[in-house]
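Each chain, letter by letter, is given below.
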Amino acid sequence: MQIRRHEKPVSQMTQFDHIALHLTEIRARIATAAKTDGRAPEAVKLVAVSKTHPAEAVAAAIAAGQLIFGENRVQEAQAKFPALKALHPALELHLIGPLQSNKAADAVALFDVIESIDREKLARALADEMKKQGRRPACFIQVNTGEEPQKAGIHPGDVDGFVKLCRDELQLPIIGLMCIPPADQHPAPHFALLREMAKRNGLAQLSMGMSGDYEAAIQFGATYVRVGTAIFGAR
Ligand SMILES: *Cc1c(COP(=O)(O)O)cnc(C)c1O
């Protein structure tokens, strides 16, 4: 069978083409949700969560205008992102997963934003590394809004004190709060709680909302939504 010249071979045609289509749709939904909340579309940033997906998928998203990405493991991000960052200096890489204190140096060196500060030992390790490296990635404190024993994050009752420690004593560049609501509950009360805690601590940024609930999160003031599956497909 002859392939017409404007067509790509079938093997290349479908593998990453869905990414640009998904991004277009999600951007439109974000804009609508932001407007409903009385905000400009640019007030909500989309973090494309590329964990487990190959660098080629990230490149397809970049080609479609996406420059903010999220990864949950330092090692995987180290394998995928340095080359892409060299090609695209405006690329902004977020760490959204648990971080071991002994990986703080690697995280500070590679990531532009660290969303998952969840304990004092890690906060101290990051503060030390930022001083050493002279690099200051913006930080979020992860809050365990559902108080789930198996989940990382600061207990809601300890948030105010932990923000003070990070900001005043350790002088970390804390810009906001992040949460992952329990999978089996309606997320709205968790989004509302995170917004309330950020507000009373003078923090402007809220990272909340994933593929299934990012529009709801925007109604509760999300300034960053972290979307993986809806962009890149199933993991
Ligand atoms: C994987 C992950 C996401 C994205 O989840 P999807 O449901 O695939 O959109 C968001 N936030 C965190 C912390 C994650 O680990």
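Residues numbered from 1 in each chain as written. Predicted model: local features only at pLDDT ≥ 70, side-chain atom pairs only at ≥ 80, totals over all residues. Heavy atoms only, no water.

Some remarks on the site of the ligand
Neighbouring residues of the ligand: Val-49, Lys-51, Ile-96, Ile-180, Met-210, Ser-211, Arg-226, Val-227, Gly-228, Thr-229 and Arg-235. Here Ser-211 contributes a side-chain N or O atom positioned 2.5 Å from an oxygen atom of the ligand. The fraction of the free accessible surface of the ligand (390 Å²) that becomes covered by protein chains is 88%. Within the shell around the ligand, the residues separate by chemical class into five nonpolar, three polar and three charged. (Near = heavy atom within 4 Å. Polar contact = N/O pair within 3.5 Å; in protein donor to acceptor, adjacent residues only side chain to side chain. Areas by Shrake-Rupley, 256 points an atom, 1.4 Å probe, with all protein chains shown as cover. Nonpolar A, V, L, I, M, F, W, Y, C, P; charged D, E, K, R; others polar.)

Observations concerning the side chain of Asp-118
Residue position: Asp-118 is located in the loop between β4 (113–117) and α6 (120–133). At 2.7 Å, the side chain of Asp-118 forms a polar contact with the side chain of Arg-119. In this structure, Asp-118 is in contact with Ala-152, Gly-153 and Ile-154, ignoring residues within four places of it in sequence. (Helix = DSSP H or I, 4+ residues; strand = E, 2+ residues; numbered from the N terminus. Contact = heavy atoms within 4.5 Å.)

Structural notes on helix α3 (residues 55–63)
Spacing of three or four residues puts side chains on the same side of an α-helix, whose turn is 3.6 residues. Of the residues making up α3, those classed as buried are Ala-57, Val-58, Ala-61 and Ile-62. Along the axis of α3, the buried positions cluster into a sector of 145°, meaning they face one direction only. A positive backbone phi angle near 95° is found at Gly-65, which sits one or two residues after α3. (Buried < 20%, exposed > 50% of the residue type's maximum accessible area, 1.4 Å probe, protein only. Arc of directions from axis to C-beta.)

Let's talk about the pairing of strand β6 (residues 174–179)
Most of β6 is tucked away, with five of its six residues classed as buried. Judged from the five bridges that link them, strand β5 (residues 138–143) and β6 form a sheet pairing that is parallel. The residue of β6 that forms the bridge with Ile-141 is Leu-177. Taken together, β5, helix α7 (residues 159–169) and β6 constitute a β-α-β crossover, and its handedness is right-handed. Bridge count for β6 against strand β7 (residues 205–207) is three bridges, and the pairing is parallel. The residue of β7 that forms the bridge with Leu-177 is Leu-206. (Pairing = 2+ DSSP bridges. Right-handed = clockwise from strand over helix to strand, strands pointing away.)

A short note on the packing of α3 against helix α4 (residues 74–87)
At their nearest, the axes of α3 and α4 sit 10 Å apart, and the two run at 35° to each other. The handedness of the crossing between α3 and α4 is right-handed. Across the interface between the two elements, Ala-55, Val-58, Ala-59 and Ile-62 of α3 pack against Lys-80, Phe-81 and Leu-84 of α4. Considering only residue class, the contact of α3 with α4 consists of six nonpolar, no polar and one charged. (Axes fitted to C-alpha atoms, helices over the stretch in contact; angles between N-to-C directions. Left-handed = near helix turned anticlockwise from the far one by under 90°.)

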